[in-house]
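# Results of the structural survey
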Amino acid sequence: MTMVDLRTEIREFLRSRRARIAPEQAGLPAYGGNRRVKGLRREEVALLAGVSVDYYVRMERGSLAGASDGVLDALASALQLDEAERDHLFHLARQSKVPRGPRRRRTAMTVRSTLQQVLDAISDAPAWISSGRHDVLAMNQLARALYSPVLADPRRPANAARFVYLSPAAARDFFVDYDRIAGDVAAKLRMEAGRNPHDEELIALVGELSTCSELFRQRWASQDVRLHRSGRKRVRHPIVGRLDLDTETLELPTEPGLHLNVYTAPAGTPTADNLALLASWAATQQTLATELEAHNG
């Protein structure tokens with residue numbers, strides 16, 4: 001995979017969303033018992049979106065450059081897109097209007113020292129900053145302890161997508177809901193590909209995962225997209241055991257493309273107790289490392 005082909009992305013995305021909607025779901029009569037296509041026909045989507053059949057066919061062939069926001073909204077409604085899918089459609093359309101240029105190698109992402117200070121000031125909850133490619137760019141002490149299995153790969157920045165798909169045995173041990181996590185990771189990567197189709201590092205990552213993981217190829221082919229949102233993650237930590245964590249993911253307005261992730265647990269729960277135990281263990285490890293450095297120095 002050397003580049004994200006926008007026309008192919010648009011074509012496959014629209015076809016996959018059209019195929020999942022039965023006529024009766026769209027309020028249309030299903031004439032005939034043997035429909036040759038799965039889901040809606042192109043002319044049915046055109047009818048629901050209020051555009052000509054020829055115009056919709058051109059869009060589904062990958063031509064969104066001339067589509068207005070009103071047309072895109074109508075198409076999103078016709079295909080019953082959720083919020084993430086609608087955003088993805090608009091990202092694809094916006095990128096279609098940008099003159100095609102060479103792939104872009106981004107400068108290495110760095111996190112400002114003041115943001116690291118913010119992370120370090122959060123002492124009772126794992127907190128870290130990640131990119132849209134699932135790169136782990138900065139962490140506080142408790143996050144490093146929590147995600148120690150993810151950090152086992154010596155490559156830096158550590159990457160959660162590589163951990164999920166290229167270390168599946170360790171990832172299945174760590175994530176209680178591995179299958180859901182795997183789907184979410186691929187869907188968020190596809191969302192990022194719609195935003196930044198010429199990002200060389202993203203293209204390389206998708207290529208690596210596609211080459212090395214059959215499961216990733218299957219999830220990528222589903223065309224699913226997800227937003228970075230709040231939720232729940234359940235993990236089995238090698239030191240403290242089961243943790244059922246509430247997750248908050250916040251975009252950083254001053255750092256486009258980066259997200260602040262914070263994991264918490266209600267006070268008085270077993271997970272809160274285990275987080276406190278993990279924090280104590282992490283502090284002990286840090287103290288031992290500091291003492292060792294001082295001794296060797």
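First, a word on scope: everything that follows refers to the structure included in this document.

## A few points about the environment of threonine 247
Its location among the elements puts threonine 247 in strand S5 (residues 241-251). What makes threonine 247 buried here is its relative accessible area of 6%. Sequence separation of threonine 247 and arginine 232 is 15 residues, and the distance between their C-alpha atoms is 5.5 Å. The contact partners of threonine 247, leaving out residues within four places of it in the chain, are Arg229, Ser230, Gly231, Arg232, Lys233, Val262 and Tyr263.

## Some details on the packing of aromatic side chains
Aromatic ring pairs are defined here through the distance separating the ring centres and the angle between the ring planes. The tally for this structure, following the rule as stated, stands at nine aromatic pairs. Consider the rings of tyrosine 147 and tyrosine 263, whose centres lie 6.4 Å apart with planes at 70°: the pair is edge-to-face. Highlighted residues: tyrosine 147 in the loop between helix H7 (141-146) and strand S3 (158-159) and tyrosine 263 in strand S6 (residues 258-264), separated in sequence by 116 residues. Pair check on accessibility: tyrosine 147 and tyrosine 263 agree, each one buried. By the ring-pair criterion, three or more aromatic residues cluster together here, those being Trp128, Tyr147, Phe163, Phe174, Phe175 and Tyr263. Between the NZ or CZ atom of arginine 190 and the centre of the ring of tryptophan 220, over which it lies, the distance is 3.9 Å.

## Observations concerning the packing of helix H10 (residues 178-195) against helix H11 (residues 200-212)
Two numbers describe how H10 lies on H11: the axes approach to 11 Å, and their chain directions differ by 145°. The way H10 lies across H11 gives a crossing that is left-handed. Mapping the contact onto sequence places Leu189, Glu192 and Ala193 in H10 and Leu202, Leu205 and Leu209 in H11. Among the residues making up the contact of H10 with H11, the classes are represented as five nonpolar, no polar and one charged.

## Here we look at the sheet that holds S5
Sheet architecture is open: six strands sit in the order S3-S2-S1-S6-S5-S4, paired in antiparallel fashion. A strand with exactly one partner marks an edge of an open sheet, and here the two such strands are S3 and strand S4 (231-237). When strand S1 (residues 127-131) meets S6, the two strands line up antiparallel, connected through five bridges. The residue bridging tryptophan 128 from the neighbouring strand is asparagine 261, located in S6.

## With respect to the nonpolar core
If you look at the biggest cluster of nonpolar residues, it comprises 39 residues, and the most contacted ones within it are Leu146, Tyr147, Val164, Tyr165, Phe175, Leu189 and Phe216. Top contributing element to this core by residue count: H10, with seven residues. Beyond its immediate stretch of four places on either side in the chain, tyrosine 147 contacts Trp128, Met139, Phe174, Phe175, Lys233 and Tyr263. Judged by nonpolar contacts, the second largest core, of 28 residues, contains Ala26, Leu79, Phe90 and Leu92.

What counts, and where the lines are drawn
- Residues numbered from 1 in each chain as written.
- Predicted model: local features only at pLDDT ≥ 70, side-chain atom pairs only at ≥ 80, totals over all residues.
- Heavy atoms only, no water.
- Helix = DSSP H or I, 4+ residues; strand = E, 2+ residues; numbered from the N terminus.
- Buried < 20%, exposed > 50% of the residue type's maximum accessible area, 1.4 Å probe, protein only.
- Contact = heavy atoms within 4.5 Å.
- Phe/Tyr/Trp six-rings, centres within 6.5 Å; stacked < 30°, edge-to-face > 60°.
- Lys NZ or Arg CZ within 6 Å of the ring centre and 35° of its normal.
- Axes fitted to C-alpha atoms, helices over the stretch in contact; angles between N-to-C directions.
- Left-handed = near helix turned anticlockwise from the far one by under 90°.
- Nonpolar A, V, L, I, M, F, W, Y, C, P; charged D, E, K, R; others polar.
- Pairing = 2+ DSSP bridges.
- Core = buried A, V, L, I, M, F, W, Y, C linked by side-chain atoms within 4.5 Å.

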